[in-house]
Number of protein chains: 2
Amino acid sequence: MVSSSGTPSASPASVGAKRYELVTLGDELLLGLTANGHLTFLGAQLGRRGVLLDRNVTITDDADAIARQFRESWARADVVITTGGLGPTCDDRTREVIANVLGQKLVFDPAIEKAMEERFAAFGRKMTPNNLKQAYRFERGEVIPNPNGTAPGLWVQQDGKVLCMLPGPPNELQPMFVDQVLPRLAKLGLLLEREAYVQFRTAGIGESALETRLQPIFDRHGEALSVAFCAHQGQVDCRVSSPGGQLSYAQLEGIAAECAVVLGEDFMGYGHDSLAKICADLLRGQEKKIAVVETATGGLLAGAFTEVCGACKFFAGGVVCCSNDAKMQLLDVPECLLLQHGAVSAEAAVAMATGAAETLGADYALAVTGFAGASEGAGNANRVGSIFIALHAPHGVWSKKLSYPGPRSTVKVRAVNAALDWLRRELRRAEAGISLSDRRTGVMQ
Amino acid sequence: MVSSSGTPSASPASVGAKRYELVTLGDELLLGLTANGHLTFLGAQLGRRGVLLDRNVTITDDADAIARQFRESWARADVVITTGGLGPTCDDRTREVIANVLGQKLVFDPAIEKAMEERFAAFGRKMTPNNLKQAYRFERGEVIPNPNGTAPGLWVQQDGKVLCMLPGPPNELQPMFVDQVLPRLAKLGLLLEREAYVQFRTAGIGESALETRLQPIFDRHGEALSVAFCAHQGQVDCRVSSPGGQLSYAQLEGIAAECAVVLGEDFMGYGHDSLAKICADLLRGQEKKIAVVETATGGLLAGAFTEVCGACKFFAGGVVCCSNDAKMQLLDVPECLLLQHGAVSAEAAVAMATGAAETLGADYALAVTGFAGASEGAGNANRVGSIFIALHAPHGVWSKKLSYPGPRSTVKVRAVNAALDWLRRELRRAEAGISLSDRRTGVMQ
């Protein structure tokens, strides 16, 4: 372990000046067979601690390519993180190649062998000889234990720089990084001890409208405050930070709280919670249940709720159906209504929501019906991208028409987010005890 | 346009020797806010035409970083593809920076301005002055029209190399690359005119078992044949190619056909079709419908079917529910059965599948129930990762117990794939007219 006596004190400015490079190994990434989830995960983790990755380089598993890239990255960066290439197969020459560039030897570490043997024994399996390759570490380096797999991570401090080699499987890499690597890097002053920014999420308001409303608050802090927006499918996240360190974390929290007041219902919450998670917390708090019925979004809305831990407590169930088919009748949607107005109509959405709430015994229900993409019979006035959503609440039922441009997958996510955001607002009002007569929402049935 | 008179002839070997680099721009990628979908898409597209990307580099939007990286990539590669940085905001300096490295000037192109004006007019909007930035191209370069957005792509041939700059939005980049960039690269002999490999997909068989069964076929072709496997969640794809060009495409197709015969039911199909798509085609061919009911997978199974174009033709609907709740009764699952055996049991799965088929008027039904992750009441013998699936078919109903290690998201995908694969096999047998008595599948009710 690095001695804590010489710990440099980390500031947003000192951390921001550090150059981090992430080297991700694997032909499967370059062939588009798997997405580069390591970049998404590690980039977000480092971002929270005040580090913007300088570069991510993805290269093939070829030994020459690894040597060339590592030499280059090691020369440029303060911290180099590699992922993958620590497995037991003969292709995995990453350790050897990098040791060579560092001018280090690999040494056999009996402690790693022992940990691996214990792991194999725990699963009732015998360790094969090729696994012993994973028991080598750099002669002047450390081992980062891997509680979720055989290959440990490797850690080297040399030339005033840090090398951190992580195993490829995400369920091994992710806890190792959070539990062991982040604290090590913080100890060396290479990232902040705590979050670098205060994030809050908004929904139902565009990025420029958001900026306009919040600008007076931001203006009071001048250059001490840095603000970043990130828009995604009906939500905009806002991060306030102080890269120069003039504002404390408590002050940043105060600024975010001011924004929350100004934004009112458009303010979703602090942190990284999803719309479904926020709805779930409100539902649990009010001891209510939600049901869903969806055509165009094909299970995505139900999936958003069931992703939340302990969904059974608030999720009464979902029905996924196509237009005009049997499930509509399952939900007591009258066939004559579908024939008269069409399955993609305000009337159908309202009947679906009410039917779902009643059939599934829920207090609230969301219905989504529409044409998310082509080839779904969107020949008439209801163009592709036209969606009707309906919300059934204990005190009434409403519907809204939405219209989104863009590809099918985008339309689906936008529709789900719009439905979730509507529910969120309704639940907030219910929590605040705002009575029905105070509202002016959509078309009431 | 490049003259076709000097077209070099492309072979797998000549194409494989070309160095391609992809430079993806954007802080949002390095902060993990969005996944690098451009790498996944472009890597796969190039891979199909015999190119393994040499490197993908993701850098910040900073002008110095772009200049440094582009200089380096341009020196190393035969083809450099960039994504992003072509937008109208003042941050987007990519064009200028790269023109500077290439020693070229940017020139205003009235044809681009006209195309942009027409596009804005078509949407009933007025073009703002900052958009004019997008009307500049390299003085010795070409414009790649963008039918789906304002910023055209840019194309430069210089120093015996190719630079191709693509706009960031996927719905603009993807059709532009397929329709316009691939043909240009093929014309220059920088990638193959047709697919470089024959791919077939398998399901329900592990990678090493697959290799063992197919090795005798592969051995007959020695070094002329290259075989690559890619395993993902219960499926293994196999790609056969001839990097040296000794085997023709027709010969590769013949080898894949031999593999199909040897593999029997484990063979899913040629190409890139998903399990759900293959099931959909079989269902449509037999004029049958499928219904689903799921607890642990929370809408993922319904989503797999509704992703397929024209799902209404074969998808009778889905129910997403939690254990023991009202929807079980909606599907006529007797409460006493749930109390006696538990909702995560073979008996419950069978009753759910039958209930779904009957209630939703379907010929086939799949049920998935289980514990995909922690905190779902997996306290008893049915550990986390234990899933029961059931298949209802016109001639009977069966259930199977599955057990998967790994994180919740993996367990869910594995369970969905196992269910889909079971349906696929059953539909194949029905198509082949194999009678019920010939089968030995699972536990029959």
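In the block above lies the structure referred to throughout.
We now turn to the structure provided with this report. Here the residue index of a chain counts from 1 through its sequence in written order. Lettering for chains starts from A, numbering for ligands starts from 1, and both go in the order in which the items are written. Reporting in this predicted model follows two pLDDT cut-offs: at least 70 for local features of residues, and 80 or more for side-chain atom pairs to be given and counted; totals over whole chains, interfaces and linings ignore these cut-offs and use all residues.

Residues and elements named next belong to chain B. When DSSP finds two or more bridges between two strands, those strands count as paired. The numbering of helices and of strands both runs from the N terminus, where a helix is a DSSP run of H or I of at least 4 residues and a strand a run of E of at least 2. As summarised here, the arrangement of the four strands in space is E10-E11-E9-E12, forming an open sheet in which the pairing is antiparallel. Each end of this open sheet is capped by a strand with a single partner; those strands are strand E10 (226-232) and strand E12 (267-270). Recorded for the sheet is a direction-independent mean angle of 20° between the axes of neighbouring strands. As judged from the three bridges shared by strand E9 (residues 197-203) and E12, these two strands associate in the antiparallel manner. Bridging from a neighbouring strand, Arg 201 pairs with Gly 269 of E12. Running at roughly 160° to E10, helix H8 (residues 207-219) makes contact with E9, E10 and strand E11 (235-241) of the sheet. Between N-to-C directions, angles span 0 to 180 degrees; the directions come from axes that are lines fitted to C-alpha atoms, helices contributing only their stretch in contact. Each residue gets a C-beta atom placed from its backbone, and two residues are in contact if those atoms lie within 7 Å.

The next subject is helix H14 (residues 346-360) of chain B. Residue and element names in this part refer to chain B. Here the expected length of a helix is defined as 1.5 Å per residue gap, with one fewer gap than residues. The first and last C-alpha atoms of H14 sit 21 Å apart over 15 residues, in line with the 21 Å expected at 1.5 Å per residue. For H14, the tally of buried residues reaches 13 of 15 residues, placing the bulk of the element in the interior. Two residues or fewer after H14 comes Gly 361, characterised by a positive phi angle close to 65°. The exposure label follows from counting other C-beta atoms within 10 Å of a residue's C-beta, where the C-beta atoms are placed from the backbone and the thresholds are 20 or more for buried and 12 or fewer for exposed, leaving partly exposed in between.

On to the relation of the copies chain A and chain B, then. When the copies are overlaid, the least-squares fit takes in C-alpha atoms only where the residue has pLDDT of at least 70 in both copies. Of the two same-sequence chains, chain A is brought onto chain B (RMSD 0.0 Å, axial shift 0.0 Å) by a rotation of 180°. Here the transformation between the copies is reduced to the relation of a two-fold axis. A share of 100% of the interface residues of chain A reappears at the interface of chain B, consistent with the copies meeting face to face through the same patch.

Each partner contributes residues to the interface: chain A has 55 residues there, and chain B has 55 residues. Of all elements in the fold, only helix H2 (27-30), helix H3 (37-48), strand E2 (55-59), helix H11 (300-306), strand E14 (315-320), helix H12 (326-330) and helix H14 (346-360) of chain A reach the threshold of two or more residues within the side of chain A that touches chain B. Ten residue types, Ala, Val, Leu, Ile, Met, Phe, Trp, Tyr, Cys and Pro, are classed as nonpolar, four, Asp, Glu, Lys and Arg, as charged, and the remainder, Gly among them, as polar. For the side of chain A that touches chain B, a count of residues per class yields 28 nonpolar, 21 polar and six charged.

Our focus in this paragraph is unusual backbone geometry. A positive phi angle, near 55°, is found at A:Asp159, a position not held by glycine. By the element assignment, A:Asp159 lies in the loop between strand E7 (153-158) and strand E8 (161-166). On the basis of neighbour count, A:Asp159 is assigned to the exposed category, with 11 C-beta atoms found within 10 Å. At B:Glu287, a residue that is not glycine, the phi angle is positive and equals roughly 55°. If you trace the backbone, B:Glu287 turns up in the loop between helix H10 (275-286) and strand E13 (290-294).

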